[in-house]
Amino acid sequence: MKKRVLKILVTILVCWIVFVAIEGIHLIGSSNPGRRPILTIGSTQIQDKRADYLSLGFSQEYHLTTDDIFVYGEFKVLGIRLARWEER
């Protein structure tokens, strides 16, 4: 019984890691604040200066100027920043 539960938990963890990896490939480097995760749990837009999108264990943030011009973006997993990119 314990082995079966362990296998189920490992399978769920592997599926989550694959999901986050696919989303990272999809989102990292994007300068379009409208680009959001496939499965969005919540979103926040703060006076056209920041757009945050939350998903299952990770988030995508776009930091903008007051004219909605992209400044930089961040991709965080479990609150840890894995990637940060700027407009060039």
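The structure reproduced in this document is the subject of the present report. (Residues numbered from 1 in each chain as written. Predicted model: local features only at pLDDT ≥ 70, side-chain atom pairs only at ≥ 80, totals over all residues. Heavy atoms only, no water.)

1. Remarks on the side chain of serine 30
Here serine 30 lies in the loop between helix H1 (2-27) and strand E1 (42-46). Engagement of the side chain of serine 30 in a polar contact is seen with the backbone nitrogen of asparagine 32, the distance being 3.3 Å. Separated by 3.4 Å, the side chains of serine 30 and tyrosine 62 make a polar contact. Filtering out sequence-adjacent residues up to four positions away, serine 30 remains in contact with Arg35, Tyr62, Phe70 and Trp85. (Helix = DSSP H or I, 4+ residues; strand = E, 2+ residues; numbered from the N terminus. Polar contact = N/O pair within 3.5 Å; in protein donor to acceptor, adjacent residues only side chain to side chain. Contact = heavy atoms within 4.5 Å.)

2. With respect to the pairing of strand E2 (residues 50-54)
Relative to E2, E1 runs antiparallel, the two being bridged by five bridges. Bridge pairing in E2 places threonine 44 opposite aspartate 52. In this structure, the hairpin formed by E2 and strand E3 (residues 58-64) is closed by a connection of three residues, where glycine 57 is found at a positive phi of approximately 90°. (Pairing = 2+ DSSP bridges.)

3. Side note on the pairing of strand E4 (residues 70-77)
Of all eight residues that make up E4, six are buried, and the element is covered over most of its length. What sits between the antiparallel neighbours E3 and E4 is a turn of five residues, in which aspartate 68 has the positive phi angle 60°. (Buried < 20%, exposed > 50% of the residue type's maximum accessible area, 1.4 Å probe, protein only.)

4. Topic: the packing of aromatic side chains
Under the criterion given, the structure shown has four aromatic pairs. Ring centres of phenylalanine 58 and phenylalanine 75 lie 5.4 Å apart, and the angle between their planes is 35°; on these two criteria the pair is classed as tilted. Note that phenylalanine 58 is positioned in strand E3 and phenylalanine 75 in strand E4, a separation of 17 residues in sequence. Judged by relative accessible area, phenylalanine 75 falls into the buried class, the value being 2%. On the numbers, 6.2 Å between centres and 70° between planes, the contact of tyrosine 62 with phenylalanine 70 is edge-to-face. As far as the burial class goes, tyrosine 62 and phenylalanine 70 line up, both buried. Three or more aromatic residues joined by ring pairs make a cluster, and in this case those are Phe19, Phe58 and Phe75. The residue whose ring lies beneath arginine 84 is tyrosine 72, and the NZ or CZ to ring-centre distance is 3.8 Å. (Phe/Tyr/Trp six-rings, centres within 6.5 Å; stacked < 30°, edge-to-face > 60°. Lys NZ or Arg CZ within 6 Å of the ring centre and 35° of its normal.)

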